[in-house]
Amino acid sequence: MGPIGSVLNMKYRDLQIETQRQSPNNARTEGFSLLVRAGYLTRENVPTKLGEYTLRQLNHLSKDPSFLLTLSLPTMENENETFFPIQSGSTEIIHCPSCKYTERIELARFVKAALPSEEGLPLEKVLTPECNTIEALANFLRIPKEKTAKALMYTRISDNKFIFVVVRGDMQISEEKLKQHIGDFRPATAEEIERSGAAAGYASPIGLKDALIVVDDLIPQSRNLVSGANETGFHLKNTNYWRDYSAEIVADLVQAKAGDNCFNCGNPLSVVSAIILASGKESNFENTLLALAETHHDAKGLTLPHRAAPFDVFLMHIPGKEMDTGAKSEEIYNSLQSAGISVLFDDRDERAGVKFNDADLIGCPIRITVGEKGLKEGMVELKPRNIQDNRLVPIEKIVEEIRSLLK
Ligand SMILES: [Zn+2]
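Since this is a predicted model, take the numbers as computed values, not measurements. (Residues numbered from 1 in each chain as written. Predicted model: local features only at pLDDT ≥ 70, side-chain atom pairs only at ≥ 80, totals over all residues. Heavy atoms only, no water.)

Q: Mind showing me how you'd approach the pattern of salt bridges here?
A: Once the charged atoms of two side chains with opposite charge are near each other, the side chains can pair. Within the structure shown, the criterion is met by 26 salt bridges. The partner of glutamate 192 in a salt bridge is arginine 186, with the nearest N and O atoms 2.8 Å apart. Residue glutamate 192 is classed as buried on the basis of its relative accessible area of 15%. Here the residues in one salt-bridge network are Lys112, Lys177, Asp216, Asp217 and Asp252, joined through shared partners. (Salt bridge = Lys/Arg side-chain N within 4 Å of Asp/Glu carboxyl O. Buried < 20%, exposed > 50% of the residue type's maximum accessible area, 1.4 Å probe, protein only.)

This is the structure:
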């Protein structure tokens, strides 16, 4: 990655880099901790000058549509979105470890198995006191939740239409899926529920007035479900779609969960917490930086891949007794820059150990050290971040060496 524009001076002091020995105590992940310690982010998760510079560079890289693939990140993706799995992530996705199917949990498809078919039994009204939840109802009647029908009531925004939704009692509605069929909606008010003839907590689609009935596609395949009686304290046993009511819309309306079977390959699905790296043409560079830090680090700091590192080279000098190593490193800094190599120049008069630690934390791919001993032989020390050994390189060969390492 070459320098992009000349907005920032690349000297350590001008970038006001501040590294930290200790992890911030609010660190939720190792990657975040290292980004703070290496001076890319503040503890409050705000990018510093160095962070801003790195984010701009990622933005620049993203002009290449395949850029995320070049960063060696363990992403999960579908045609439209790229996710990075991380425990602290706020987006839940469904992922199939076998075929790699990946989708936001609220939109994921899965195999929906109907219960074994049985004869339709006659409707029967039963007293069910204080059974206004599926849980309480199933306990009271000693039946599994999948033998109940769960009612959800909404009002469509565009025309105030009352919407009555039925899903099997063991399943969770996906409001995102519902929205794809009916448009935007809000919860129905108590008044709207009453006007339709339903009773909150004891509602069923049977005998409603002016309601748009929408059912999950498992409902027409489910026999003898217990459903509300539209009368507080009562339920109906053995409600059957077709015989007792029907719907204007039958569709997949429920959310997948861990262990459900993949729609593509039939294997069990996982639920994974993630952050979004890209959605459509929009990239999230803050999340990408976090994903890079989570993926590419060791005990000493970041080990960013060459394409994503803010600088190709971390250049430093060890203050000398006889020679002005600072002036010599300034010369090297200028010559590397004119060769199109981006350099972070640690121009402080700090001890070598402090600078080495910072170089490891910040994680540029190559460190170059200008010291008195080497200079006497016309050499500088070159060390790739990911390799233990360092070696001496003649000053006139540095550019060539760096180019071959960064290929
Ligand atoms: Zn699969």
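Q: Would you mind going over the sheet that holds strand β6 (residues 124-127) with me for this structure?
A: Paired through backbone hydrogen bonds, the strands of a sheet run either parallel or antiparallel to each other. Taken together, 3 strands build an open sheet; the order of strands is β6-β12-β11 and the sheet is antiparallel. The open sheet has two free edges, formed respectively by β6 and β11 (225-228), since each of these has just one partner strand. Strand-to-strand twist in this sheet, taken as the mean axis angle between neighbours without regard to direction, amounts to 35°. As paired elements, β11 and strand β12 (residues 234-239) share 3 bridges and run antiparallel to each other. Bridge pairing links leucine 225 to threonine 239 in β12. (Pairing = 2+ DSSP bridges. Helix = DSSP H or I, 4+ residues; strand = E, 2+ residues; numbered from the N terminus. Axes fitted to C-alpha atoms, helices over the stretch in contact; angles between N-to-C directions.)

Q: What exactly am I supposed to notice about the coordination of the zinc ion here?
A: Six octahedral donors around a metal ideally make angles of 90 or 180 degrees; four tetrahedral donors ideally make 109.5 degrees. Within the first shell, the zinc ion binds the protein through Cys96 (SG), Cys99 (SG), Cys262 (SG) and Cys265 (SG), at distances of 2.3 Å. By relative accessible area, cysteine 96 is classed as buried at 0%. (Donors = N, O, S within 2.8 Å, 3.2 Å for Na, K, Ca; no water.)

Q: What am I meant to see in the packing of aromatic side chains here?
A: Summed over all chains, the structure comprises 6 aromatic pairs. Between tyrosine 241 and tryptophan 242, the aromatic rings sit 4.8 Å apart at their centres with planes inclined by 75°, giving edge-to-face as the arrangement. Under the relative-accessibility criterion, tyrosine 241 is labelled buried at 4%. Through pairs of rings, three or more aromatic residues link up here, namely Tyr241, Trp242 and Tyr245. One cation-aromatic arrangement involves arginine 109 over phenylalanine 263; the distance from NZ or CZ to the ring centre is 3.6 Å. If you follow lysine 125 out to its NZ or CZ, it ends over the ring of phenylalanine 234, 4.9 Å from the centre. (Phe/Tyr/Trp six-rings, centres within 6.5 Å; stacked < 30°, edge-to-face > 60°. Lys NZ or Arg CZ within 6 Å of the ring centre and 35° of its normal.)

Q: What is the right way to read the nonpolar core from this model?
A: Nonpolar side chains in soluble globular proteins tend to end up buried together. Formed by 61 residues in total, the largest nonpolar core has its most connected members in Ile362, Ile368 and Ile402. Contacts of isoleucine 368, omitting those with residues within four sequence positions, involve Val313, Phe314, Leu315, Met316, Leu336, Val380, Glu381, Leu382, Ile398 and Ile402. Within the second largest apolar cluster, 26 residues are counted, among which are Tyr101, Ile173, Leu212 and Ala256. (Core = buried A, V, L, I, M, F, W, Y, C linked by side-chain atoms within 4.5 Å. Contact = heavy atoms within 4.5 Å.)

Any link to function would need more than the numbers given here.
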